Amino acid sequence: MLYLVEDFYSIQGEGKFVGTPSLFFRFGGCNLRCPNFGEYFIQGKKVFGCDSIQAVSKELFGKKWRAIEKMEELQEILDSHLEHLDFKPHVVLTGGEPLIYWNDKILYAFVEYLVREGFIVTIETNATIAIDFERYEAYKDVIFAMAVKLSNSGERYEKRVNKEAIDAIVKNTGYSFFKFTLSRSLVEFRAYEEIVDIVGEYPEVEVFCMPLGDRLEELKKHDKAVAEFCMIYGFIYSDRLQVRLWNREKRR
Ligand code: SF4
């Protein structure tokens, strides 16, 4: 069984496929917390976490998550979106951390189905969970957006960087990319060293850097510093188009 937090049709706002019409499946649960990414008042309590906290904290939000008990439920959701489209959108599996379910038979069957049907599938992951690509071959046809966390996440290095997991993704997929979230202060401090430690062995893999912030005001505090950082070191700047377009309104 796995948990689905929401499904929605929108455009991809980050990374390689910015602007691409995409159908998102957001799964519940994450193996990290990233306490430095934000603070929220929820049910009268101050809670630290990322902008996907509703997909991370089972304690606070689990009651709103939908328990999925068979793959056909995901297929039905997919079909309900496709009814309104006459083309195949990209499909994005996100979270939380969708790979906490990587060997769950429902998720894997869904990935197999999507790949077989010719969808372009991206899994947005923190790349800390190692997949067995030999036993679960369909993942070889998936694009992984490896959003490895840096020190500004507030997570310990040992928890947020798993080089074995990254190596397996890079070596087993045709195209995957790195996507880092940077704050102005990290750019000024040691972002380059931290990124090179993670990507240094993979000069062929594209590296996207995007500013921290799930609100326009916050994004603007970091965006120019991140863009200038990319220009100095040859990384690719990624905006957060969904924030520019809709800020905190519900995504369309
Ligand atoms: S890894 Fe991603 S989803 Fe999980 S807590 Fe960190 S930012 Fe949030």
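Keep in mind the model is a prediction, meaning the values are calculated, not measured.

K.L.:
What is the right way to look at the pairing of strand β9 (residues 177-182) in this model?
P.N.:
Put simply, side chains in a regular strand alternate between the two faces of the sheet. Within β9, 6 of the 6 residues are buried, which leaves it mostly tucked inside the rest of the structure. Side chains F177, K179 and T181 of β9 all project onto a buried face; the interleaved residues F178, F180 and L182 project onto the opposite face, where all are buried too. Relative to strand β10 (residues 207-211), β9 runs parallel, the two being bridged by 5 bridges. Each residue of the ladder has a partner; that of F180, found in β10, is C209.

K.L.:
Explanation requested: the site of the ligand in the structure shown.
P.N.:
All residues adjacent to the ligand are C30, L32, R33, C34, F37, C50, V56, G96, N126 and K149. Its residues placed into classes, the shell around the ligand shows 6 nonpolar, 2 polar and 2 charged.

K.L.:
Is there a simple way to think about the packing of helix α3 (residues 71-82) against helix α4 (residues 105-116) in this case?
P.N.:
Packed helices, taken two at a time, are described by the angle their axes make and the gap between the axes. At a minimum axis separation of 8 Å, α3 and α4 run at an interaxial angle of 45 degrees. In this view, α3 runs oblique relative to α4, as classed from their interaxial angle. The way α3 lies across α4 gives a crossing that is right-handed. In contact with M71, L74, Q75 and L78 of α3, α4 contributes I106, A109, F110, Y113 and L114.

K.L.:
Honestly, the nonpolar core in this entry has me stumped. Any pointers?
P.N.:
Soluble globular proteins: nonpolar side chains tend toward being buried together. In this structure, F25, Y139, F178 and L182 are the most contacted members of the largest nonpolar core, which totals 59 residues. Apart from the residues lying within four places of it in its own chain, the contact partners of L182 are L150, N152, V187, A191, I195, C209, M210, P211, L212, H222, V226 and F229. Residues V5, I53, L60 and F61 belong to the second largest nonpolar core, which totals 9 residues.

K.L.:
Can you walk me through the pattern of salt bridges in this structure?
P.N.:
Side-chain pairs of opposite charge can arise whenever the charged atoms involved come near each other. Tallied over the full model, the rule gives 20 salt bridges. Across the salt bridge formed by E124 and K179, the nearest N and O atoms sit 3.9 Å from each other. Placement of E124 in strand β7 (residues 121-125) and of K179 in strand β9 is noted, with a sequence separation of 55 residues between them. A residue is classified by how much of its surface remains accessible, and K179, at 5% relative accessible area, is buried. Salt-bridge contacts for E158 lead to R156; the nearest nitrogen and oxygen are separated by 3.5 Å. Through salt bridges with shared partners, a single network forms among E14, E124, K179 and R240.

K.L.:
So what exactly am I meant to see when it comes to the sheet that holds strand β2 (residues 21-27) here?
P.N.:
Backbone-to-backbone hydrogen bonds join strands into a sheet, with any given pair of strands oriented parallel or antiparallel. The strand order β5-β1-β2-β6-β7-β8-β9-β10-β11 describes an open sheet built from 9 strands, whose pairing is mixed. Only two strands of the sheet have a single partner each, and these edge strands are β5 (66-68) and β11 (236-237). Here β7 runs beside strand β8 (residues 143-146); their pairing, made up of 4 bridges, is parallel. By the bridge assignment, T125 is partnered in β8 with M146.

Here is what the cut-offs are and how they apply
- Residues numbered from 1 in each chain as written.
- Predicted model: local features only at pLDDT ≥ 70, side-chain atom pairs only at ≥ 80, totals over all residues.
- Heavy atoms only, no water.
- Buried < 20%, exposed > 50% of the residue type's maximum accessible area, 1.4 Å probe, protein only.
- Helix = DSSP H or I, 4+ residues; strand = E, 2+ residues; numbered from the N terminus.
- Pairing = 2+ DSSP bridges.
- Near = heavy atom within 4 Å.
- Nonpolar A, V, L, I, M, F, W, Y, C, P; charged D, E, K, R; others polar.
- Axes fitted to C-alpha atoms, helices over the stretch in contact; angles between N-to-C directions.
- Parallel < 35°, antiparallel > 145°, perpendicular 65-115°, else oblique.
- Left-handed = near helix turned anticlockwise from the far one by under 90°.
- Contact = heavy atoms within 4.5 Å.
- Core = buried A, V, L, I, M, F, W, Y, C linked by side-chain atoms within 4.5 Å.
- Salt bridge = Lys/Arg side-chain N within 4 Å of Asp/Glu carboxyl O.

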